[in-house]
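What follows is the residue order along each chain.
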2 protein chains.
Amino acid sequence: MNSTITYHTGQRDAVLDCFSRNSGKQLTAGDIAADLLTRGSRIGNATIYRTLDYLEKEGRIRKFIDENGRQACWQLTVGSEGCSDHYHLKCHKCGTVVHLECELAAQLDEHIQAEHHFVIDRAATIFYGLCEACQAAAVSREEAK
Amino acid sequence: MNSTITYHTGQRDAVLDCFSRNSGKQLTAGDIAADLLTRGSRIGNATIYRTLDYLEKEGRIRKFIDENGRQACWQLTVGSEGCSDHYHLKCHKCGTVVHLECELAAQLDEHIQAEHHFVIDRAATIFYGLCEACQAAAVSREEAK
DNA sequence: TTGCGTGCAAAGGTTTTGCATGGCA
DNA sequence: TGCCATGCAAAACCTTTGCACGCAA
């Protein structure tokens with residue numbers, strides 16, 4: 001893969017910095033614009049989208065689709081493989097993404113390939129559900145009724 | 001569940017019929033409009049969206065988000081549980097969706113809940129990859145080079 | 001006749017594109 | 001200096017909403 005880095009610009013740093021300060025979270029284009037505004041730098045939205053595209057092609061970040069399907073959001077990649085070697089669990093409620101390093105999941109992968117003749121694209125597959133914190137919150141909300 | 005069926009209209013039949021003739025596929029609102037056009041019936045797009053919402057609430061179809069995240073697509077539900085009891089495999093290339101009835105997948109489910117403290121929403125989770133037919137096609141295309 | 005369903009057009013939000021300008025190397 | 005990157009505004013795109021009319025029961 002050919003990383004065609006050309007120029008090093010302040011806007012690119014600013015976007016990456018924004019991800020660093022919000023590590024573990026996935027941000028929409030709007031989130032990033034808002035975050036940068038509070039820090040005094042105003043970046044055109046076209047630039048934000050182009051920068052995100054660029055960083056995604058570089059493998060620095062990964063793109064997800066928000067549940068409502070109306071917005072894209074991005075997140076820093078994890079690990080040397082750039083998140084292509086494990087599955088992701090995404091919480092419906094809070095949006096947190098967990099990187100699933102799991103032996104059984106790898107087995108399922110092989111099983112589906114061998115028995116169901118379907119080659120899975122791990123990087124593209126996301127498990128949706130509820131994370132631990134949001135389960136607890138849901139329970140206490142039930143009790144409050 | 002309270003099925004508030006009120007009127008029985010030709011447009012509703014037409015949309016459902018469209019799903020029947022494309023069983024196993026996921027259709028976007030645009031797909032449906034185009035398909036109906038070729039059959040001579042023209043339906044306003046607002047009606048299509050409202051009909052899809054209605055059918056979804058009835059549990060007849062399920063809504064998914066297309067990989068690119070720009071479009072919603074819908075598919076006939078399968079089984080008495082309405083597709084909530086199994087995973088789905090979707091082919092990146094041809095778009096076909098396979099309903100995965102698999103013991104190992106169910107085990108993974110329990111494992112993730114027990115060990116990773118994450119409750120998976122099977123109905124919302126889709127495995128992406130390549131189906132058998134498209135794998136074969138990819139191979140023969142390689143050989144043709 | 002009643003009120004739900006429909007079609008059209010306009011509005012809504014996110015993302016992309018065109019073009020002139022600015023800035024990095 | 002030569003390109004690439006940026007910003008602005010307009011366009012494109014999918015989806016939702018408002019409103020008047022038509023049609024099922």
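Refer to the structure presented above.
Residues numbered from 1 in each chain as written. Chains lettered and ligands numbered in written order. Predicted model: local features only at pLDDT ≥ 70, side-chain atom pairs only at ≥ 80, totals over all residues. Heavy atoms only, no water.

### Some details on the nonpolar core
Soluble globular proteins tend to pack their nonpolar side chains together in the buried interior.
Item 1. Residues Phe127 of chain A together with Leu108 and Phe127 of chain B are the most contacted members of the largest nonpolar core, which totals 28 residues.
Item 2. Sorting the residues of this core by element identifies strand E4 (87-91) and helix H4 (103-115) of chain A together with strand E4 (87-91) and helix H4 (103-115) of chain B as the ones contributing at least two each.
Item 3. Apart from residues no more than four positions distant in its own chain, Phe127 of chain B is found in contact with Tyr87, Leu108, Phe118, Ile120, Thr125 and Phe127 of chain A together with Tyr87, His88, Leu89 and Lys90 of chain B. (Core = buried A, V, L, I, M, F, W, Y, C linked by side-chain atoms within 4.5 Å. Buried < 20%, exposed > 50% of the residue type's maximum accessible area, 1.4 Å probe, protein only. Helix = DSSP H or I, 4+ residues; strand = E, 2+ residues; numbered from the N terminus. Contact = heavy atoms within 4.5 Å.)

### Topic: the sheet that holds strand E1 (residues 27-28) of chain A
Residue and element names in this part refer to chain A.
Item 1. With antiparallel pairing, three strands are arranged side by side in an open sheet as E1-E3-E2. Each edge of the open sheet carries a strand with a single partner, namely E1 and strand E2 (61-65).
Item 2. For E1 and strand E3 (residues 72-76), the ladder comprises two bridges, and the chain directions are antiparallel. Bridging from a neighbouring strand, Thr28 pairs with Cys73 of E3.
Item 3. Packing against the sheet, helix H1 (residues 10-21) makes contact with E1, E2 and E3, and its axis sits at approximately 75° to E3. (Pairing = 2+ DSSP bridges. Axes fitted to C-alpha atoms, helices over the stretch in contact; angles between N-to-C directions.)

### Considering the sheet that holds strand E3 (residues 72-76) of chain B
Item 1. Overall, antiparallel pairing links the three strands, which are arranged E1-E3-E2 (chain B) in an open sheet. Only two strands of the sheet have a single neighbouring strand rather than two, namely strand E1 (27-28) and strand E2 (61-65) of chain B.

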